[in-house]
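So you can see what is in the structure, the chains are spelled out below.
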Amino acid sequence: MQTAYPEGRPRPWLAGAGLLLVGAVLVLDVLAPIEIAVGVLYVLPVLLGLWVMQAAYLPVVTGLAVVLTLLDPLFVPDSQRTSAVLAGRSLSLVAIVCSALVVLAFRRSQRQLDQRRQAQVAAQSALQRSLRETRDFKDALDVSSIVATTDARGRITYANDNFCRISRYSREELLGQDHRLVNSGHHAKDFIRELWDTIGSGRVWKGEICNRAKDGTIYWVDTTIVPFLDEGGRPYQYLAIRNDITERKRAEQALLEQRALVRLGEMAAVVAHEVKNPLAGIGGAIQIIRDRMPPASPDREIVKAILDRIAALNGTVQDLLLFARPRLPQLRECQLDGLLAETVTLLQRDPLGQKLQVQLPRSGALVRADPDQLREAFLNVFLNAAQAMGGEGGIAVSLASESGFGLVRVHDSGPGIPDAIRERIFEPFFTTKHRGTGLGLPIARRILQAHGGDITVECPATGGTRVTFKLPLEPGGVRA
């Protein structure tokens, strides 16, 4: 049924039809015998107000119907004004008025119904708009940040694509696990305890966290954890919003290293003057003493041990100077196969490298580099592998190219690097070996970076340690 105020276009012709209907009833009332109460038909145009949208229609039509019904007896002779006729006219008035009241009540109820419907439509529209805005916010957050939600026990219930990408875990591997899955072990237990105490009490926690991906790589995230609270004020869910700050942390670390290098360079100048030169003089004097001793003298072994210690100390000082004051590489074209072969020869002169089996590629590849520096970088890695394997095992060297870089991979058959120290292997002076200064890998990295490349270390699931030297192909990298 069409309501009093229906949606759609107004229909003015319907109001006109109602007025014509009033006229038609008037004509019928005049022509009909006085005994017939034709005036009751005025109810029809009044009821037509159920469909007419104009607000003035109902009072106008009702007023006309009442007036015409009241005036009709005035034009009837007194002899015909019987009580039955007057009763019929009165009943017509009652019917007209009641019909008008019914239409008015119907209009009011329809108006209220329309208002409720409009309110519902507005509420539904607001809800849809709110849901759309919520989806937009979520999409924007998912695009820009690493997002995860957990339950009250810390089990992951949602992980976005960025979380999967940076952690190297699939969504199926993350869901149902807690964040210990990506714990790097970098932070102390007190740090983790303080984090849980904060969010467990319903407060927001902010800080920087060091995590470990599935492949063992370390990444840093600036983290905000927001607890969602139930009616009792207890957390029932946690939302973690993170942003990757790994490059920023690397830049900060590089800046700290640079500052340390400045101080180290100043110290190296003192070492070179106060230690290296006198050390060379002491070594020369000891050699003269050894040469003057009888060949069968038992003291020659003691002197030899002293010379060995002096040589080791001189090597330590040399490493310190090389790291503190690196020289610019003197680039020239050289054969990579020959450089690697020369490095193996130097390795086998060391007691730890004499029993190693080294597989070298035969590629004929050329590299534009400083051969002395590159040989030094290779030797440091080979010596690390020899020490890790205890002087027994194998080293496989392979060549490849990728994304504009030439890759030299050195893979040993040793035990690999423990997770606890893997992230510290490039720290200057950090070492777990009984010999060495902890400068081998830092020096190798500085050499590769000076060539426009880099060096990375990984421990494959198949075992051992794989060190990758990365050299740019252009403008003068590895070429066949």
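Residues numbered from 1 in each chain as written. Predicted model: local features only at pLDDT ≥ 70, side-chain atom pairs only at ≥ 80, totals over all residues. Heavy atoms only, no water.

Remarks on the environment of Gly393
No. 1: Inspection of the secondary structure assignment puts Gly393 in the loop between α11 (371-388) and β9 (394-402).
No. 2: A residue is classified by how much of its surface remains accessible, and Gly393, at 27% relative accessible area, is partly exposed.
No. 3: In sequence terms Gly393 and Val358 are 35 residues apart; their C-alpha atoms lie 8.8 Å from each other.
No. 4: Every residue in contact with Gly393, bar those within four places of it in the chain, is listed here: Lys355, Leu356, Gln357 and Ser413. (Helix = DSSP H or I, 4+ residues; strand = E, 2+ residues; numbered from the N terminus. Buried < 20%, exposed > 50% of the residue type's maximum accessible area, 1.4 Å probe, protein only. Contact = heavy atoms within 4.5 Å.)

Some thoughts on the packing of aromatic side chains
No. 1: All chains considered together, the criterion is met by four aromatic pairs.
No. 2: Note on Trp196 and Tyr238: the rings are 5.8 Å apart at their centroids and 90° apart in plane angle, and the pair reads as edge-to-face. Of this pair, Trp196 sits in helix α7 (residues 189-200) while Tyr238 sits in strand β5 (residues 235-244); the two residues are 42 residues apart in sequence, bridging distant segments of the chain.
No. 3: Looking at Trp196, the relative accessible area reads 38%, which means it is partly exposed.
No. 4: Look at Phe378 and Phe469: their rings are 4.8 Å apart centre to centre, the planes differ by 80°, and that puts the pair in the edge-to-face class. Within this pair, whereas Phe378 is found in helix α11, its partner Phe469 is found in strand β12 (residues 466-472), the two being separated by 91 residues in sequence.
No. 5: Residue placement shows Arg242 over the ring face of Phe163; its charged tip is 5.5 Å from the ring centre.
No. 6: Sitting over the ring of Trp220, Lys249 keeps its end group 4.3 Å from the ring centre. (Phe/Tyr/Trp six-rings, centres within 6.5 Å; stacked < 30°, edge-to-face > 60°. Lys NZ or Arg CZ within 6 Å of the ring centre and 35° of its normal.)

Focus: α11
Since the α-helix packs 3.6 residues into each turn, any two residues three or four apart lie on the same face.
No. 1: Over its 18 residues, α11 extends 26 Å from the first C-alpha to the last, a length consistent with the 26 Å expected when each residue adds 1.5 Å.
No. 2: Of all 18 residues that make up α11, 14 are buried, and the element is covered over most of its length.
No. 3: The opening residue of α11 is Asp370, an N-cap whose side-chain oxygen sits 3.1 Å from the backbone nitrogen of Asp372.
No. 4: In the stretch just after α11, Gly390 is the one whose phi turns positive, near 65°. (Expected span 1.5 Å × (residues − 1). Polar contact = N/O pair within 3.5 Å; in protein donor to acceptor, adjacent residues only side chain to side chain.)

Topic: the sheet that holds strand β2 (residues 156-159)
No. 1: Read across the sheet, five strands follow the order β2-β1-β5-β4-β3 without closing on themselves; strand pairing throughout is antiparallel. With partners counted over all chains shown, the strands left at the sheet margins are β2 and β3 (205-212), one partner each. The mean angle between the axes of side-by-side strands here comes to 25°, regardless of whether they run parallel or antiparallel.
No. 2: Here six bridges tie strand β1 (residues 146-151) to β5, and the two strands are oriented antiparallel to one another. Opposite Thr150, over in β5, you have Tyr238 as the bridge partner. (Pairing = 2+ DSSP bridges. Axes fitted to C-alpha atoms, helices over the stretch in contact; angles between N-to-C directions.)

Some points on the sheet that holds β12
No. 1: In space, the five strands of this open sheet follow the order β7-β9-β10-β12-β11, with mixed pairing throughout. Each edge of the open sheet carries a strand with a single partner, namely β7 (357-359) and β11 (454-458). Each neighbouring strand pair of the sheet contributes to a mean axis angle of 20°, computed without reference to strand direction.
No. 2: Alignment of β7 against β9, held across three bridges, turns out to be parallel. The partner of Gln357 across the bridge, within β9, is Gly394.
No. 3: On top of the sheet, α11 reaches β9, β10 (405-412), β11 and β12; it is set at about 170° to β12, its chief contact.
No. 4: Against the sheet, helix α13 (residues 440-450) engages β11 and β12, with an angle of about 140° to β11.

A word on the nonpolar core
No. 1: Formed by 38 residues in total, the largest nonpolar core has its most connected members in Val367, Leu374, Phe382, Ile395, Leu448, Ile455 and Phe469.
No. 2: Among the secondary structure elements, those contributing two or more residues to this core are α10 (336-349), β8 (366-369), α11, β9, β10, α13, β11 and β12.
No. 3: When residues in this core are grouped by element, the largest group, nine residues, is from α11.
No. 4: If you look at the next biggest cluster of nonpolar residues, it comprises 20 residues, including Ala148, Ile156, Tyr219 and Tyr238. (Core = buried A, V, L, I, M, F, W, Y, C linked by side-chain atoms within 4.5 Å.)

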